[in-house]
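Chains, contacts and geometry: an overview
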Amino acid sequence: MGINKQQKRADTGAELHLFARKLFPICRSITGNGIRETVSLIGERIPLKIFELPTGTQVLDWTVPKEWNIRDAYIKTPEGKRVVDFQKCNLHVLNYSVPIHAKMPLSELKPHLFTIPENPDWIPYRTSYYKENWGFCLTHNQMLGLKEEEYEVCVDSSLENGQLTYAECFLPGKSTEEVLISCHVCHPSLANDNLSGLSVATFLAQLLSGRELRYSYRFLFIPGTIGTIAWLAKNRETCKRIRHGLVLTCIGDRGFFHYKKSRQEIAEVDRVVEHVLKHTDPSATILPFSPYGYDERQYCSPGFNLPVGCLMRSVWGTFPEYHTSADNLEFLDPNSLAESLVVCASVIEVLEKNQRYINLAPFGEPQLGRRGLYPLTGGTAPELELNARLWTLNLSDGHHSLLDIAERSGLPFDRVHAAADLLLRNGLLAPVDTSNS
Amino acid sequence: MGINKQQKRADTGAELHLFARKLFPICRSITGNGIRETVSLIGERIPLKIFELPTGTQVLDWTVPKEWNIRDAYIKTPEGKRVVDFQKCNLHVLNYSVPIHAKMPLSELKPHLFTIPENPDWIPYRTSYYKENWGFCLTHNQMLGLKEEEYEVCVDSSLENGQLTYAECFLPGKSTEEVLISCHVCHPSLANDNLSGLSVATFLAQLLSGRELRYSYRFLFIPGTIGTIAWLAKNRETCKRIRHGLVLTCIGDRGFFHYKKSRQEIAEVDRVVEHVLKHTDPSATILPFSPYGYDERQYCSPGFNLPVGCLMRSVWGTFPEYHTSADNLEFLDPNSLAESLVVCASVIEVLEKNQRYINLAPFGEPQLGRRGLYPLTGGTAPELELNARLWTLNLSDGHHSLLDIAERSGLPFDRVHAAADLLLRNGLLAPVDTSNS
Amino acid sequence: MGINKQQKRADTGAELHLFARKLFPICRSITGNGIRETVSLIGERIPLKIFELPTGTQVLDWTVPKEWNIRDAYIKTPEGKRVVDFQKCNLHVLNYSVPIHAKMPLSELKPHLFTIPENPDWIPYRTSYYKENWGFCLTHNQMLGLKEEEYEVCVDSSLENGQLTYAECFLPGKSTEEVLISCHVCHPSLANDNLSGLSVATFLAQLLSGRELRYSYRFLFIPGTIGTIAWLAKNRETCKRIRHGLVLTCIGDRGFFHYKKSRQEIAEVDRVVEHVLKHTDPSATILPFSPYGYDERQYCSPGFNLPVGCLMRSVWGTFPEYHTSADNLEFLDPNSLAESLVVCASVIEVLEKNQRYINLAPFGEPQLGRRGLYPLTGGTAPELELNARLWTLNLSDGHHSLLDIAERSGLPFDRVHAAADLLLRNGLLAPVDTSNS
């Protein structure tokens, strides 16, 4: 990688990290003002349409829940000292806690406290969306410091009829066929598991916006599970037009790439991501589909069975910082964010350019030398460019896509595409129209 | 495995071994009273129907041979001492020997003697069903002790028109589709290669009898090759109803399990046995089909091509005791017998329960929490039960069987079945009727 | 291998090498008298039809070029000494050099000189068929010896309207379906890369000629690329009858065998060569198809897509002698040539004999003992012959070819064929007629 490219990547990484930093303090949940603030900041960068669905709306097998908002929460000692304080870190409150204001001894409080004994200085992230409950998350050391006395416990939240909020950025292309990019926006101050995905998605939409595109692109910034369920319920027709999709999550840490395949496992997006990663990160791992994880669970439910995979760096649950206060801005690596953006852009590049062509001189090899496409002194081995030309000519029979050719030849896609482009300009190839296939 | 389960298995093993011990002394062959006695003892435990076909009956490409019976056989020295004595071990006579009573010098006797020089204390097992001959099998040391003198040689047998005997135990189930369990009953005092299979088959039929079954079960206790050929000739219509089948043989020794696939190699029974063994015995080996072996040779002949595999522990011919007097009751291990019975019962359990279901809420994940099927505090990894539920919901599209789901998820079948059962009771799944498929 | 067989192979190897030695000095190119002389020598051994196409003929995307002939070429010092001399080695001239006779200083000469600095005593082989140019190939040491003085430079060649020459040997068989054997004859004094292929092809045609054959055989002795292009252009109907094909090249060196699959990669010839090599040379390597190489490039172009693979020992470009004066008669190994001929003959043997049969007694095993095809004393393991019989009976269902049976059983083809032949003679098999398939 050249110095310029390296500097550009460093700049992009810094910008991505800055954007995440801006979003970090907001207390997001699956509903409420946290999401509104978040998508409003995203909307400053890309064209965004905000949707709200009222509490009680039936969406597939689910119902839109009450809207949750929170102003403050704390545990106070008899001396009035806040020993647990939502103002210091929004993870301290069990997400979706119902309001409470009461005094109680430690014994009564304890069942409502969550800690991580193995990492006694980290605050866990816990939620209780569908069972009304209240609680606090704190470091294990904090809990050990609590004396047997009476505490003032306050969660100043509201759980009331309201709205479920999500946002879409739609970039129209030549075709009505769509590529879906989805990320969840419902986690509070967690960096890798939330902000990495939505930052990269935002920047990716910025990159694509204004470009002439083959596919139309739909970016979803959406609360996990219920948001996606709601979107699917309201967009059955759109779903039929989705040809490829990616869920982006945990793509800002320093780990190697992981790609979890769609339920179809041989979808074009599965092959494209695998191809791009093979030529980008030799340590990348391809994982089979499984029905647990992020919102690919919903897109890949059997009724929809969309070709949507999930791109990650470290896999959720495999790094100790996952769902704790240690998943913070330091855990987020600017260079990793930038690299993830490059991978996403490369995937889209391949999707955009992956077409089938037909060799117009398929009987024998066309005389490339006459066209300046072949070395004129014979007797030496062919260089990579010639190799790409020969492979492209040989396999362009209307059945093989450029990705098929790249995979069979072992050449990177961009080399094969460059060869196809050159052969096209020399009248040796014609594209096979697949726009309505 | 709990203490109770261990004790129960030890009891079963002892019982199986006792049954084999009872059958051990009988001089069986492919016809004759040895088989009649054997199936009569089996009939004390399970409902059995005995069939006899007269000598000369045309069965496929074969003819039912004359019936062979034997009362006594010996080689006597001039002093009247029996140096080889059928009364001590029925392996001493070449099975199907024609009668002879004569005096002859050692040189004339020798071509009729069979030994195993590598194992000079073991008696080999040899047969001559289709070429009239007489002979003796003896230890190599016995033969070395024979002096150059005249011997009295006697085989007091008969080879006359009679019957070919075999027995069936039929257990009707809801469906007329059948599972075939077949074992040969034509070997004399050999324990693993004969008694192990028929003991386990008998006990398995006992286990199933009286139970409500999906499939009908047909257990064959039958002379090898000619018996199976005869059965196939007489049961062409029944063959069309066989959906799965197993030949049981050599499953009482201390070796690891081996399963030889059916000729189809991807039959459901092949996949089921492989699945059960993978979760039972990590040292189990799956062998490809080959046309030599036991009666799967006949079931898997190209005209029938039935989905019948062969379950073994040690493979015939690979252990030195095979077809010798060392394949005796000590070679037979009670615990191995019990474990083999458990594997057979597990295979049948999977066959009985392997169905396809359809997810009744296939669009997105159904809200499991509402139904008490999902942990209520979010943020932690799912346990195996939840995983099984999600896999079952995700793949229950009418195309995947529970076995497909178990294989793709890596979960053991019983966990997947338990999940399906729970989801069924919660109205989230419906069975796909395949009874007449 | 027995002594006789070894001696016979040594004799054949010596004969093959002698033939190559005879052809070695001729200065071949893609047109001209070198090819005419070469095919005339081949024609002394096998029936050959010579074809000539005039300069300017349109063949597919190409045009037949002018005919090139050469009488002499040299570089002379002012003292009249030939420092580079075509009479010593015909590689010294850039193949297809236009005529020149001029005096010039070293500086002007240098751009026309080709050497191999890494192997300073070898002369490279270079061509310039489609760009008019002149040049000399010499050893690097020769070039280092050239002083800064004026040289007399002469290429006494002609490049004029004429003919493109190639030859065919056609051996008719029972079927009009054809096997194509193709080798290039356009390289001058290069042994492995040219003479090995054409010698083995010639001897192979000799072996087959006069034999009763299932397929018709067409041997092409043809200039690389343009010759094959021309042949394909003129033989579109013949192409439709080609069922199997092999390009033979570089099969006389001491390396292990390599077989490059046809574009189809699962063509019968691909499977047959792989089978024969597996049982001949455990170090043989099967290579995937690639669109660079020898004339399989043309046969496997997408418009024709013929089942033609390429049999080699060492692969072009991977041995340093390739396309240099070191690819000489010493590099050619008589024993390797003979072994290559044996492999080719074995491949043809399998192609000729690879048929499908149907078991006429498919229900159960036929009683082989009655027919003397089964050991009569039971109880021991089957030998290979019996195994081959059982496999052949079991899989002869009209779908499996003998090659399928050989591959599934792991037995060598000739054993399976021998079994099929025996079963056929015993009325247990019938051939499935595929002559017009």
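Residues numbered from 1 in each chain as written. Chains lettered and ligands numbered in written order. Predicted model: local features only at pLDDT ≥ 70, side-chain atom pairs only at ≥ 80, totals over all residues. Heavy atoms only, no water.

Let's shift gears to the overall build of chain A. When you go through chain A residue by residue, the secondary structure sums to 13 helices and 19 strands. The buried share among the 437 residues of chain A stands at 61%. Pairs at least 24 apart in sequence give 80% of the contacts found in chain A among residues at least 6 apart. Only carbon and sulfur atoms are counted for the fraction: they give 50% of the accessible area of chain A, which is about 16,900 Å². Once the 45 positive and 50 negative side-chain charges of chain A are each reduced to a mean point, those two points are 4 Å apart. (Helix = DSSP H or I, 4+ residues; strand = E, 2+ residues; numbered from the N terminus. Buried < 20%, exposed > 50% of the residue type's maximum accessible area, 1.4 Å probe, protein only. Contact = heavy atoms within 4.5 Å. Areas by Shrake-Rupley, 256 points an atom, 1.4 Å probe, with all protein chains shown as cover. Lys, Arg positive; Asp, Glu negative; His and termini not counted. Charge placed at Lys NZ, Arg CZ, Asp CG, Glu CD.)

What follows deals with the confidence of the model for chain A. Averaged over chain A, the pLDDT score is 96; the fraction of residues at 70 or greater is 97%. Confidence metrics for the complex model read pTM 0.93 and ipTM 0.93. (pLDDT = per-residue confidence, 0-100.)

Contacts between the two partners involve 27 residues from chain C, matched on the other side by 28 residues from chain B. Note on chain C versus chain B: buried area summed over both sides is about 2,400 Å², and carbon and sulfur give 51% of it. By the criterion of area lost to chain B, the three top residues of chain C are Phe363, Glu365 and Asn394 of chain C, representing 28% of everything that side buries. Across the chain C-chain B interface, the total number found is 5 salt bridges. The closest approach of N and O atoms between arginine 371 of chain C and aspartate 61 of chain B, which form a salt bridge, is 2.8 Å. At the junction of chain C and chain B, the tally comes to 14 residue pairs in polar contact (both at pLDDT 80 or more). Looking at the side of chain C that touches chain B, the elements that each hand over two or more residues are helix H11 (384-395) and strand E18 (397-401) of chain C. The element contributing the most residues to the side of chain C that touches chain B is H11 of chain C, with 7 residues. (Buried area = accessible area lost by both parts, 1.4 Å probe. Salt bridge = Lys/Arg side-chain N within 4 Å of Asp/Glu carboxyl O. Polar contact = N/O pair within 3.5 Å; in protein donor to acceptor, adjacent residues only side chain to side chain.)

Contacts between chain A and chain B engage 28 residues on the former and 27 residues on the latter. For the pairing of chain A and chain B, the buried interface totals around 2,300 Å² over both sides, and the portion due to carbon and sulfur atoms is 52%. The tally of links between chain A and chain B comes to 5 salt bridges. For arginine 297 of chain A, the salt bridge is made with glutamate 365 of chain B, and the minimal N-O distance between the two is 2.5 Å. Put simply, chain A and chain B have 14 residue pairs in polar contact (both at pLDDT 80 or more) between them.

Moving residue by residue along a regular strand, the side chains alternate between the two faces of the sheet. Residues and elements named next belong to chain A. The buried fraction of strand E13 (residues 242-248) is high, at 6 of 7 residues. In this structure, strand E11 (residues 178-184) lies alongside E13, joined through 5 bridges in parallel fashion. Note on E13: the bridge partner recorded for serine 182 is valine 247. Two elements, E13 and strand E16 (residues 308-312), share 4 bridges in a ladder whose sense is parallel. Bridging across to E16, leucine 248 finds its partner in leucine 311. (Pairing = 2+ DSSP bridges.)

Moving on to the nonpolar core. Membership of the largest hydrophobic core comes to 102 residues, with the highest contact counts inside it found for Trp231 of chain A together with Phe219, Phe221 and Leu311 of chain B. For this core, the element with the highest residue contribution is helix H5 (residues 191-208) of chain B, accounting for 9 residues. Apart from residues lying up to four places away in sequence, phenylalanine 219 of chain B is in contact with Ala167, Glu168, Cys169, Leu171, Ile181, Ala201, Leu204, Ala205 and Leu208 of chain B. (Core = buried A, V, L, I, M, F, W, Y, C linked by side-chain atoms within 4.5 Å.)

One key point about sheets: their strands pair by backbone hydrogen bonds, in either a parallel or an antiparallel sense. All names here are of chain A. The strand order across the open sheet built from 8 strands is E1-E10-E12-E11-E13-E16-E14-E15, with neighbouring strands paired in mixed fashion. Strands at the two margins of the open sheet, each flanked by one partner only, are strand E1 (49-54) and strand E15 (285-287). This sheet shows a mean twist of 20° between the axes of neighbouring strands, independent of strand direction. In the sheet, strand E14 (residues 258-260) pairs with E15 via 3 bridges, with the strands oriented parallel. Looking at the pairing, tyrosine 259 lines up with isoleucine 286 of E15. Packed onto the sheet, helix H2 (residues 33-42) meets E1, strand E10 (163-171) and strand E12 (216-222) and runs at close to 15° relative to E10. (Axes fitted to C-alpha atoms, helices over the stretch in contact; angles between N-to-C directions.)

The next thing to look at is the packing of helix H12 (residues 402-409) of chain C against helix H13 (residues 413-425) of chain C. Relative orientation and spacing of two packed helices are given, respectively, by the angle between their axes and the distance between those axes. Residues and elements named next belong to chain C. Close contact between H12 and H13 brings their axes to 9 Å; oriented N to C, the two are set at 120°. Of the possible angle classes, the one that applies to H12 and H13 is oblique. Handedness of the H12/H13 crossing: right-handed. Facing H12, whose interface residues are Leu402, Leu403, Ile405, Ala406 and Ser409, H13 presents Phe413, Val416, His417 and Ala420. Classifying every residue of the contact of H12 with H13 by side-chain character gives 7 nonpolar, 2 polar and no charged. (Parallel < 35°, antiparallel > 145°, perpendicular 65-115°, else oblique. Left-handed = near helix turned anticlockwise from the far one by under 90°. Nonpolar A, V, L, I, M, F, W, Y, C, P; charged D, E, K, R; others polar.)

Expressed as a screw transformation, the operator carrying chain A onto chain B has a rotation angle of 120° and an axial translation of 0.1 Å, and the superposed copies differ by an RMSD of 0.0 Å. What the rotation and shift describe, once combined, is the action of a three-fold rotation axis. If distances are taken from each C-alpha of chain A to the rotation axis, the shortest is found for isoleucine 266 of chain A, at 13 Å. (Least-squares fit on C-alpha atoms with pLDDT ≥ 70 in both.)

What the rule picks out here adds up to 39 aromatic pairs over all chains. Ring centres of tryptophan 134 of chain A and phenylalanine 136 of chain A lie 6.3 Å apart, and the angle between their planes is 75°; on these two criteria the pair is classed as edge-to-face. With respect to class, tryptophan 134 of chain A is no different from phenylalanine 136 of chain A; both count as buried. Ring plane angle 25° and centroid distance 5.4 Å describe the contact between phenylalanine 319 of chain C and phenylalanine 331 of chain C, whose orientation is recorded as stacked. Pair noted here: phenylalanine 319 of chain C is in the loop between strand E16 (308-312) and helix H10 (334-353) and phenylalanine 331 of chain C is in the loop between E16 and H10, with a separation of 12 residues, a long-range link. Summarising the burial analysis for this pair, phenylalanine 319 of chain C and phenylalanine 331 of chain C share the class buried. Against the face of phenylalanine 257 of chain A rests arginine 313 of chain A, its NZ or CZ located 4.2 Å from the ring centre. When the ring centre of tyrosine 74 of chain B is taken as origin, the NZ or CZ atom of lysine 76 of chain B, which lies over that ring, is 4.7 Å away. (Phe/Tyr/Trp six-rings, centres within 6.5 Å; stacked < 30°, edge-to-face > 60°. Lys NZ or Arg CZ within 6 Å of the ring centre and 35° of its normal.)

It is worth spelling out the packing of helix H1 (residues 3-23) of chain B against helix H2 (residues 33-43) of chain B at this point. Residue and element names in this part refer to chain B. Between H1 and H2, whose axes approach to 10 Å, the crossing angle comes to 150°. As summarised for this structure, H1 and H2 are arranged roughly antiparallel, according to the angle between their axes. In this structure, the crossing between H1 and H2 has a hand that is right-handed. Facing H1, whose interface residues are Phe19, Lys22 and Leu23, H2 presents Thr38, Leu41 and Ile42.

So, about unusual backbone geometry. Peptide bonds are trans in most cases, and residues, glycine excluded, mostly fall at negative phi. All names here are of chain A. The phi angle at leucine 60 is positive, at roughly 50°, despite the residue not being glycine. At asparagine 194, a residue that is not glycine, the phi angle is positive and equals roughly 155°. Looking at where asparagine 194 falls in the secondary structure, it is placed in helix H5 (residues 191-208). In this structure asparagine 194 comes out as buried when scored by relative accessible area, which is 1%.

The next thing to look at is the pattern of salt bridges. A full pass over the atoms with the stated rule returns 78 salt bridges over all chains. For the salt bridge of aspartate 333 of chain A with arginine 254 of chain A, the shortest nitrogen-to-oxygen distance reads 3.9 Å. You can see aspartate 333 of chain A sitting in the loop between E16 and helix H10 (334-353) and its partner arginine 254 of chain A sitting in the loop between E13 and E14, a full 79 residues away along the chain. Residue aspartate 333 of chain A is classed as buried on the basis of its relative accessible area, which comes to 15%. Taking the relative accessible area as the measure of exposure, arginine 254 of chain A reaches 54% and is therefore exposed. Notably, a salt bridge pairs glutamate 385 of chain C with arginine 415 of chain C, separated by 2.9 Å at the nearest N-O pair. Taken as a pair, glutamate 385 of chain C in helix H11 and arginine 415 of chain C in helix H13 lie far apart in primary sequence, 30 residues in all.

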